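Letter by letter, the chains look like this.
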Amino acid sequence: MISGKTGWLVVLLSLMCLFTGCGGSAETSETEETAETKQIFAMDTVMTITAYGEKAGEALSAAEQEIERLDGLFSVGEDTSDIAVLNRDKKAVVSEDTLYLLQRSRELWESTEGALNIGIYPLMEAWGFTTGEYRIPEESEIAALLQHLDIEEIRWDSETREVTIPETMGVDLGAIAKGYTSGRLMDIFAARGVTSAVVSLGGNVQALGTKPDGSSWRVAIEDPFESEDSSYAGILEIADKAVITSGAYERYFEENGKRYHHILDPSTGYPAENGLASVTIVSAAGTLADGLSTALFVMGKEGAEAYWQAHGEDFDMILIEEDGTMTVTEGIKDSFTSDWAYSVLEKNT
Ligand code: AMP
Ligand code: MG
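These remarks concern the structure in this document. (Residues numbered from 1 in each chain as written. Chains lettered and ligands numbered in written order. Predicted model: local features only at pLDDT ≥ 70, side-chain atom pairs only at ≥ 80, totals over all residues. Heavy atoms only, no water.)

### A closer look at the coordination of the magnesium ion (ligand 2)
Stage number 1. Donor atoms from the polypeptide that coordinate the magnesium ion (ligand 2) comprise Ala175 (O), Asp290 (O), Asp290 (OD) and Thr294 (OG1), at 2.1 to 2.4 Å from the metal.
Stage number 2. Sequence spacing of the donor residues for the magnesium ion (ligand 2), all on one chain, is A-x114-D-x3-T. Here Ala175, found in the loop between β5 (162–164) and α7 (177–191), pairs with Thr294, found in helix α8 (residues 286–311); they are 119 residues apart in sequence, far enough to count as distant.
Stage number 3. Here Thr294 falls in the buried class, since its relative accessible area comes to 12%. (Donors = N, O, S within 2.8 Å, 3.2 Å for Na, K, Ca; no water. Helix = DSSP H or I, 4+ residues; strand = E, 2+ residues; numbered from the N terminus. Buried < 20%, exposed > 50% of the residue type's maximum accessible area, 1.4 Å probe, protein only.)

Right, dumping it as structure tokens:
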């Protein structure tokens, strides 16, 4: 749990989000007496988890333990985590969760033609995103690091769960770990008899069922421009879905008036720059939603739309371009409202 000064700030901020509907937050039912909420700081972010019903308290404790367990497996900064051991020793016997995520990442690497690449870690280090000591690497340094991004070099034995990576490779599950975690929380809630719950892991929302009164959860889609006159770009009504956003505005530094953000294009080694300000993925599957939010951000509008045309049975999306143009796919057009102008992308027939 959070504690001390930060704790209060976090509680305050999240209460503000709850009432003003700021980005990536889900509105909870205030009338329901049996609702319980927990605030947790994990995976470098603030998490708010809420469950309803008699089993809520017990389910939230189990959920908190699960968050801590998964953070302890995926964290690049924690010496004993699966990922830290793998990056240091280039070999590790990993948990089922880590192996699953490595396999899933590989599948998404393939289907997104390399836009999602968990081997990006050495480049994240070079840009200083892992320490906060930001810098623009030399072109030659980037060119050298681009040579070590071949995901097919990650090998595993599904029986023993031993994973090996080349000496030059480093792995970072930051693009999909939170979506996997929110998905796991849904399983934990359901297994404990909870039928109504919502979590926000640093703005990534996933909901189980509907609100206790049967109405949909209302999720605010963050305004990537942080405009003064609006705190969100729209409201999406969902049940049993994850709503996960990737944006240039989430983590960045500025140098000589230029912004360098944390989502890198694995084909160039530089922050992805293709006109998109944010990508929101809506899907029943948390891991998929998180992986695709990052990958489609890298792919740009044209690539994202083509990907949706090919794989749209598994997800919907909201694209916001740097000029404010917004596109919403047809599967969510009736559950989305916004004061902004937007167009609806229909399936090619
Ligand atoms: P997200 O907020 O889900 O878009 O994830 C962003 C995080 O994923 C970054 O902070 C990096 O840790 C990692 N990352 C950045 N670029 C990529 C990429 N192209 N493929 C996979 N992971 C990435
Ligand atoms: Mg992601």
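More follows now that the structure is in view.
### Here we look at the packing of aromatic side chains
Stage number 1. Taken as a whole, this structure holds 13 aromatic pairs when the rule is applied.
Stage number 2. A centroid spacing of 6.2 Å and a plane angle of 20° characterise the contact between Phe225 and Trp340, whose relative ring orientation is stacked. Remark: Trp340 occurs in the loop between β16 (336–337) and β17 (343–345) and Phe225 occurs in the loop between β8 (217–222) and β9 (232–238); sequence separation between them is 115 residues.
Stage number 3. Overall, the relative accessible area of 33% leaves Phe225 in the partly exposed class.
Stage number 4. The rings of Trp127, Phe129, Tyr134, Phe253, Tyr260 and Tyr270 are connected pair by pair, giving a single aromatic cluster. (Phe/Tyr/Trp six-rings, centres within 6.5 Å; stacked < 30°, edge-to-face > 60°.)

### Points about the sheet that holds β8
Stage number 1. In space, the three strands of this open sheet follow the order β8-β9-β16, with antiparallel pairing throughout. Every other strand in the sheet has two partners, leaving β8 and β16 as the edge strands with one partner each.
Stage number 2. Strand direction decides the pairing type here: β9 and β16, joined by two bridges, are antiparallel. Bridged to Leu236 within β16 is Phe336. (Pairing = 2+ DSSP bridges.)

### Some thoughts on the packing of α7 against α8
Stage number 1. The geometry of α7 relative to α8 is characterised by a closest axis approach of 7 Å and an angle of 160° between their N-to-C directions. Put simply, α7 runs roughly antiparallel to α8. Crossing handedness for the pair α7 and α8: right-handed. For the pair α7 and α8, contact is made by Ala177, Lys178, Gly179 and Tyr180 and by Gly286, Thr287 and Asp290, respectively.
Stage number 2. Of the residues that constitute the contact of α7 with α8, the class distribution is two nonpolar, three polar and two charged. (Axes fitted to C-alpha atoms, helices over the stretch in contact; angles between N-to-C directions. Parallel < 35°, antiparallel > 145°, perpendicular 65-115°, else oblique. Left-handed = near helix turned anticlockwise from the far one by under 90°. Contact = heavy atoms within 4.5 Å. Nonpolar A, V, L, I, M, F, W, Y, C, P; charged D, E, K, R; others polar.)

### Details of the layout of surface pockets
Stage number 1. Roughly 250 Å³ of internal volume is contained in the second largest pocket.
Stage number 2. Every residue lining the second largest pocket is counted, 17 residues in all, and those nearest its centre are Ala248, Arg259, His261, Leu276 and Glu322.
Stage number 3. Listing elements by their share of the lining of the second largest pocket, those giving two or more residues are β12 (258–261) and β13 (276–283).
Stage number 4. At three residues, the largest contribution of residues to the lining of the second largest pocket is made by β12.
Stage number 5. Partitioning the lining of the second largest pocket into residue classes produces nine nonpolar, three polar and five charged. (1 Å grid on protein atoms, 1.4 Å probe; cavity = no way out; pocket = protein on both sides within 12 Å on 5 of 7 lines; lining within 4 Å. Points joined across faces, edges and corners; volume = space filled by probe spheres on them.)

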